[in-house]
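Reading the structure
The residues making up each chain are set out below.
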Amino acid sequence: NSNTNRTFTLPDSSGTIATAESTLSQFNASGSAPVYACRAWVNFNGTGTVAIRASGNVTSITDNGTGDYTVNFTTAMPDANYSPVIGASPNYGVAVTFGINWATGSGTEVAPTTTALRFSIGSTTAYQDTKYVSVAIFR
């Protein structure tokens, strides 16, 4: 934010220039395949009063009903073509077919949006709240 011409000598005494190779090594990655960063993530308690344990680029979780959650992003995704990775622990002692669906608790399909992802946990006949839910969004 200056109209003054400046000369910079790089690298300076406080560090080095970031290159593609040095950035890949920071992610413990090698080879020529591109690296895609996680754009949002959250770990939350999905039982009782839903509570976020830790998150990045997530403002809140909406509890839409039993086993039916919405993850709300702080900053919108560039489009809705992201890839969510969802993990959840079935409740101990609960015998239910366990799965994750892009649907409401009533089984209605819900497409992801740029600002939120809605999903349900359980089977198509018995949704359930779970204590440990994790979501990561890649784009």
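Please read these numbers as outputs of a predicted model, since none were measured by experiment.

This paragraph deals with the overall build of the protein. Of the regular secondary structure elements, the protein holds 1 helix and 8 strands. Across the protein, helices and strands are ordered from the amino to the carboxyl terminus as α-β-β-β-β-β-β-β-β. Taking as baseline every contact in the protein between residues at least 6 positions apart, the subset at least 24 positions apart corresponds to 56%. Total accessible area computed for the protein in this model is approximately 8800 Å², and 51% of it derives from carbon and sulfur atoms.

Looking now at unusual backbone geometry. At Asn-57, a position not held by glycine, the phi torsion is positive, near 60°. Locating Asn-57 in the fold gives a position in the loop between strand 2 (51-56) and strand 3 (58-65).

This brings us to the packing of aromatic side chains. This model, assessed by the stated rule, comprises 3 aromatic pairs. With a centroid separation of 5.9 Å and an interplanar angle of 50°, the aromatic rings of Tyr-69 and Phe-119 are classed as tilted. Taken as a pair, Tyr-69 in strand 4 (residues 68-73) and Phe-119 in strand 7 (residues 116-121) lie far apart in primary sequence, 50 residues in all. According to the relative accessible area criterion, Tyr-69 is buried, its value standing at 0%. Judged by centre distance (5.7 Å) and plane angle (85°), the rings of Phe-73 and Tyr-82 are edge-to-face. Residue classification places Phe-73 among the buried residues on the basis of a relative accessible area of 6%.

With that settled, the discussion passes to the nonpolar core. Residues Phe-44, Phe-119 and Val-135 are the most contacted members of the largest nonpolar core, which totals 18 residues. Listed by contribution, the elements that provide at least two residues to this core are strand 1 (38-45), strand 3, strand 4, strand 7 and strand 8 (133-138). When residues no more than four places from it in sequence are discounted, the contact partners of Val-135 are Ala-40, Trp-41, Val-42, Phe-44, Val-71, Val-85, Ile-86, Leu-117 and Phe-119.

Glancing now at the pairing of strand 1. When strand 1 meets strand 8, the two strands line up antiparallel, connected through 6 bridges. Its bridge partner lying in strand 8, Asn-43 is registered against Ser-134. As paired elements, strand 1 and strand 2 share 5 bridges and run antiparallel to each other. Across the sheet, Asn-43 pairs through a bridge with Ala-54, a residue of strand 2. Linkage of strand 1 to strand 2, two consecutive antiparallel strands, is achieved through a turn of 5 residues, within which Gly-48 is found at a positive phi near 60°.

Let us now look at the sheet that holds strand 8. The 4 strands lie next to each other as 2-1-8-5, forming an open sheet whose pairing is antiparallel. Bordering the open sheet on either side are strand 2 and strand 5 (83-88), each of which pairs with just one other strand. When strand polarity is set aside, the average angle formed by the axes of neighbouring strands in this sheet is 10°. Judged from the 6 bridges that link them, strand 5 and strand 8 form a sheet pairing that is antiparallel. Bridging across to strand 8, Ser-83 finds its partner in Phe-138.

What follows deals with the pattern of salt bridges. Taken as a whole and assessed by the stated rule, the structure comprises 2 salt bridges. Close ionic contact of Arg-118 with Asp-68 constitutes a salt bridge, the shortest N to O distance being 2.7 Å. Taken as a pair, Arg-118 in strand 7 and Asp-68 in strand 4 lie far apart in primary sequence, 50 residues in all.

Procedures and definitions
- Residues numbered from 1 in each chain as written.
- Predicted model: local features only at pLDDT ≥ 70, side-chain atom pairs only at ≥ 80, totals over all residues.
- Heavy atoms only, no water.
- Helix = DSSP H or I, 4+ residues; strand = E, 2+ residues; numbered from the N terminus.
- Contact = heavy atoms within 4.5 Å.
- Areas by Shrake-Rupley, 256 points an atom, 1.4 Å probe, with all protein chains shown as cover.
- Phe/Tyr/Trp six-rings, centres within 6.5 Å; stacked < 30°, edge-to-face > 60°.
- Buried < 20%, exposed > 50% of the residue type's maximum accessible area, 1.4 Å probe, protein only.
- Core = buried A, V, L, I, M, F, W, Y, C linked by side-chain atoms within 4.5 Å.
- Pairing = 2+ DSSP bridges.
- Axes fitted to C-alpha atoms, helices over the stretch in contact; angles between N-to-C directions.
- Salt bridge = Lys/Arg side-chain N within 4 Å of Asp/Glu carboxyl O.

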